[in-house]
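# Coordinate analysis (summary)
One letter stands for each residue in the lines below.
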Amino acid sequence: MKVRKFLAMMAIALCATGFVACDDDDAPAASELVKGDYVGTNVLKVGDTEMPSENNVAAIVPQSGDMVTVKLPQAPAETKAGMAMPVIAVKDVKLVNAGQGNYTFSVDTIDVVAGEMHIVGKGMSGEIKGNKLTLKYNFKPGKMPLYIDGNFEGTKK
């Protein structure tokens, strides 16, 4: 009789543990999957003047979950514009899962301080497909009268 009671209690205990579900906490967050430095070509355009430069670095820095900081490429002083631009870090950018390991993101406005320069912009959008990053962005540094359009395409290091 004691053996039957013991077996019944074991069966109940095993059934109870069978209903405990695993959650997705073990899966890496989207921000961790896309983080890193992306090296590629950045083209800045002011009016009709295009200023391409190679070996630029844009970075995706994880915040938490599906939120990241996007660091736009730094513009070197040797461009046609002759003005160096600091790294522009756009925080609190939400990643949207586009399926198959691809992500998109966008912000409507840019309003940051980089170094001592106040930078505003009409927005940024991006796409991460595998190890490729594409960025389109717009900004105006300091009191500059014109906006600068930027296009970046790069591959994760």
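Residues numbered from 1 in each chain as written. Predicted model: local features only at pLDDT ≥ 70, side-chain atom pairs only at ≥ 80, totals over all residues. Heavy atoms only, no water.

## Focus on the environment of V120
For the record, the criterion: The helix and strand labels rest on DSSP assignments: H or I over at least four residues marks a helix, E over at least two residues marks a strand, and numbering proceeds from the N terminus. Here, residues are in contact when the closest pair of their heavy atoms is within 4.5 Å.
Relative to the elements of secondary structure, V120 occurs in strand β8 (residues 117–129). Sequence separation of V120 and N138 is 18 residues, and the distance between their C-alpha atoms is 8.4 Å. If sequence neighbours within four positions are ignored, V120 has contacts with I110, D111, N138, F139, K140 and Y147.

## Here's the deal with the packing of aromatic side chains
As a reminder, the rule being used: The criterion for an aromatic pair is that two Phe, Tyr or Trp rings (for Trp, the six-membered ring) have centres within 6.5 Å, with stacked assigned to planes under 30 degrees apart, edge-to-face to planes over 60 apart and tilted to the rest. Exposed residues in this analysis have more than 50% of their type's maximum accessible area, buried residues have under 20%, and partly exposed residues fall in between, with area computed by a 1.4 Å probe over protein chains only. Criterion for a charge above a ring: Arg CZ or Lys NZ at most 6 Å from the ring centre, at most 35 degrees from the ring normal.
Per the stated rule, a full pass over the model turns up one aromatic pair. Ring centres of Y137 and F139 lie 5.9 Å apart, and the angle between their planes is 20 degrees; on these two criteria the pair is classed as stacked. Here Y137 matches F139 in class, with each residue buried. Here the basic side chain of K122 rests over the ring of Y147, its NZ or CZ set 4.4 Å away from the ring centre.

## So, empty space enclosed by the protein
Just so we agree on the cut-off: Cavity: a set of points on a 1 Å grid over the protein atoms alone where a 1.4 Å probe fits but cannot get out. Pocket: an open set with protein on both sides within 12 Å along at least five of seven lines, its lining residues, like those of a cavity, having an atom within 4 Å of a point. Grid points are joined across faces, edges and corners, and a volume is the space filled by probe spheres set on the points. Any residue outside Ala, Val, Leu, Ile, Met, Phe, Trp, Tyr, Cys, Pro, Asp, Glu, Lys and Arg is labelled polar, Gly included; the first ten of those are nonpolar and the last four are charged.
A full pass over the atoms with the stated rule returns one cavity of 30 Å³ or more. Of the pockets and cavities examined, the largest cavity occupies roughly 40 Å³. Considering the residues around the largest cavity, the lining is formed by L44, L72, P73, A75, M85, P86, I88, Y137 and F139. When grouped by side-chain class, the residues that make up the lining of the largest cavity number nine nonpolar, no polar and no charged.

## Things to note about the side chain of N42
We apply this condition: Think of a polar contact as two N or O atoms within 3.5 Å of one another; within protein, one of them needs to be a possible hydrogen donor and the other a possible acceptor, and neighboring residues in sequence only count if both atoms come from side chains.
Mapped onto the secondary structure, N42 falls in strand β1 (residues 36–46). The class of N42 is buried, set by a relative accessible area of 1%. For N42, the side chain forms a polar contact with the side chain of Y137, separated by 3.0 Å.

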